[in-house]
Structure formats: C-alpha cells, structure tokens
Amino acid sequence: QVQLVESGGGLVQPGGSVRLSCEASGRTLSNYAMGWFRQAPGKEREFVAAISRSGGARPYGDSVKGRFTISRDNAKNTVYLQMNSLKPEDTAVYYCAADENRSWGGVPGRGSFEYDYWGQGTQVTVSS
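Okay, so let's go over this structure. It should be emphasised that the depicted structure is a prediction, and the values quoted were computed from it without experimental measurement.

**Section: the packing of aromatic side chains**
Point 1. What the rule picks out here adds up to five aromatic pairs.
Point 2. Centre to centre, the rings of Phe-37 and Phe-47 are 5.6 Å apart; their planes meet at 75°, and the pair counts as edge-to-face. Within this pair, whereas Phe-37 is found in strand β4 (residues 33-39), its partner Phe-47 is found in strand β5 (residues 46-51), the two being separated by 10 residues in sequence. Considered together, Phe-37 and Phe-47 belong to a single accessibility category, that of buried residues.
Point 3. Both rings, one in Phe-37 and one in Trp-118, keep their centres 5.1 Å apart while their planes meet at 55°; by these two values the pair is tilted. With a gap of 81 residues between them, Phe-37 in strand β4 and Trp-118 in strand β9 (residues 117-118) connect regions that are remote in the sequence.
Point 4. Using a relative accessible area of 29% as the deciding quantity, one classes Trp-118 as partly exposed.
Point 5. Here a set of aromatic residues connected by ring pairs shows up, and it is made of Phe-37, Phe-47, Tyr-115 and Trp-118.
Point 6. Stacked on the ring of Tyr-95, the Lys or Arg Arg-45 has its end atom at 4.2 Å from the ring centre.
Point 7. The residue whose ring lies beneath Arg-45 is Trp-118, and the NZ or CZ to ring-centre distance is 4.8 Å.

If you want it as structure tokens, here you go:
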C-alpha cells in the first residue's frame, strides 16, 4: 500500500519545459517500478514513460520519445518527468503509477492494467 502525489503541473507555453514530480509515501519507492500516463478529454489513457526499480530500463511512448525524460531518486522517494519542447498535444492530466510486481531490473509494462497504485493526477496545459 503506497500513496502517490503528483505535483508541478500548470500552464506552459509551446516549446517550454516543465518537470513533474511524484512523491511516494507509506512504502519505500525502490520496491516499485514506476510509470507516467496521461489522459486528455475524450481520449484513452496513454502510456508516457516508465522506469524500472533499478533505474536501468526506461521505455517511452512514441509520441514523447526524445522530448521527455523519466528519472527516479529512491533516496527521496520521488519519480520525475522532465518535459521539454512541449506541444499543445501534450495537454492532459498526468498520472504517476506504481507496479509492485517487477523484479529489480525488469522492464516496466506499457499497459495501465499492469500498475497497482495511482496518484490523483496533475493538469498540464500547453497553450500560448
């Protein structure tokens, strides 16, 4: 049982950057592979990025590859999503999620059903 709280969202100009944070409490973050998903109105929840427990495997969704970077700091119980070169199409609610069923070096999945715990989400709006 882990609680996840996202922060850092807001209004950003196209081409700008923002860093989202997801802080875990109740359990040690190193026990979980972590993922970021996003959902825009009227659309399916979309895989954005994930990171293995060790930090060595970091798959990305095709639409964000090369622009977004996921990282983790287990000592701070926090996962980050650095978002650069933002586009209006990136506008969505961003959620972090935890997967308790991965090995230390296991590659996290891209399906939302594979994750066990979710944060409340933080809104990111990209607009001029």
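**Here's the deal with unusual backbone geometry**
Point 1. Phi at Asn-77 is positive, roughly 55°, even though this residue is not glycine.
Point 2. In this fold, Asn-77 is placed in the loop between β6 (68-73) and β7 (78-83).
Point 3. We note that Ser-85 has phi near 50°; this positive angle belongs to a residue other than glycine.
Point 4. Considering the arrangement of structural elements, one finds Ser-85 in the loop between β7 and β8 (92-99).
Point 5. For Ser-85, a relative accessible area of 42% corresponds to the partly exposed category.

**Focus on the nonpolar core**
Point 1. Formed by 30 residues in total, the largest nonpolar core has its most connected members in Leu-4, Met-34, Trp-36, Leu-81, Met-83 and Tyr-94.
Point 2. Among the elements of the structure, β3 (18-25), β4, β5, β6, β7, β8 and β10 (122-126) are those that each provide at least two residues to this core.
Point 3. Setting aside residues up to four positions removed in sequence, Tyr-94 forms contacts with Glu-6, Leu-20, Trp-36, Phe-37, Arg-38, Val-48, Phe-68, Leu-81, Met-83, Gly-121, Thr-122 and Val-124.
Point 4. Phe-37, Phe-47, Ala-50 and Tyr-115 belong to the second-largest nonpolar core, a separate cluster that totals five residues.

**Let's talk about the state of the cysteines**
Structurally, a disulfide amounts to a covalent bond that connects the sulfur atoms of two cysteines.
Point 1. The final tally for this structure, using the stated rule, is one disulfide.
Point 2. In this model Cys-22 forms its disulfide with Cys-96; the gap between the sulfur atoms is 2.0 Å. What sets the handedness of the Cys-22 and Cys-96 disulfide is the S-S torsion sign, and at about 55° it is right-handed. Here the residue Cys-22 occupies a position in strand β3, and Cys-96 occupies one in strand β8, the gap between them amounting to 74 residues.
Point 3. According to the relative accessible area criterion, Cys-96 is buried, its value standing at 1%.

**As for the pattern of salt bridges**
Between side chains of opposite charge, a pair can form as their charged atoms come close.
Point 1. Applying the stated criterion across every chain yields a total of six salt bridges.
Point 2. The salt bridge involving Arg-38 is made with Asp-90; its shortest N-O contact spans 2.9 Å. Placement of the pair is Arg-38 in strand β4 and Asp-90 in the loop between β7 and β8, with a sequence separation of 52 residues. Comparing Arg-38 with Asp-90, the two get one shared label, buried.
Point 3. With a shortest N-O distance of 3.8 Å, Asp-62 and Lys-65 are connected by a salt bridge. Taken individually, Asp-62 and Lys-65 each receive the classification exposed, so the pair is uniform in this respect.
Point 4. Salt bridges sharing partners connect three or more residues here, namely Arg-38, Glu-46, Arg-67 and Asp-90.

Parameters and conventions
Each chain carries its own residue numbering, running from 1 in the direction its sequence is written. pLDDT decides what is reported in this predicted model: residues at 70 or higher carry local features, side-chain atom pairs at 80 or more are listed and counted, and totals for whole chains, interfaces and linings draw on all residues regardless. Note that water and hydrogens are dropped before the side-chain values are worked out from all heavy atoms of the structure. Between the rings of Phe, Tyr and Trp (Trp by its six-membered ring), a pair exists once the centres lie within 6.5 Å; its type follows the angle of the planes, with under 30 degrees stacked, over 60 edge-to-face, and the other angles tilted. Secondary structure elements are taken from DSSP: a helix is a run of H or I of four residues or more, a strand is a run of E of two residues or more, and numbering for both begins at the N terminus. Each residue's exposure class comes from its accessible area (1.4 Å probe, protein chains only) as a fraction of the maximum for that residue type: buried when under 20%, exposed when over 50%, partly exposed otherwise. Charge over a ring is defined by NZ of Lys or CZ of Arg lying within 6 Å of the ring centre and within 35 degrees of the ring normal. Each nonpolar core is a collection of buried residues, namely Ala, Val, Leu, Ile, Met, Phe, Trp, Tyr and Cys, held together in the definition by side-chain atoms within 4.5 Å. Any two residues whose heavy atoms approach within 4.5 Å are treated as being in contact. By definition, disulfides here are pairs of cysteine sulfur atoms that lie within 2.5 Å. Note on definitions: salt bridges are taken to be side-chain nitrogens of Lys or Arg within 4 Å of carboxyl oxygens of Asp or Glu.

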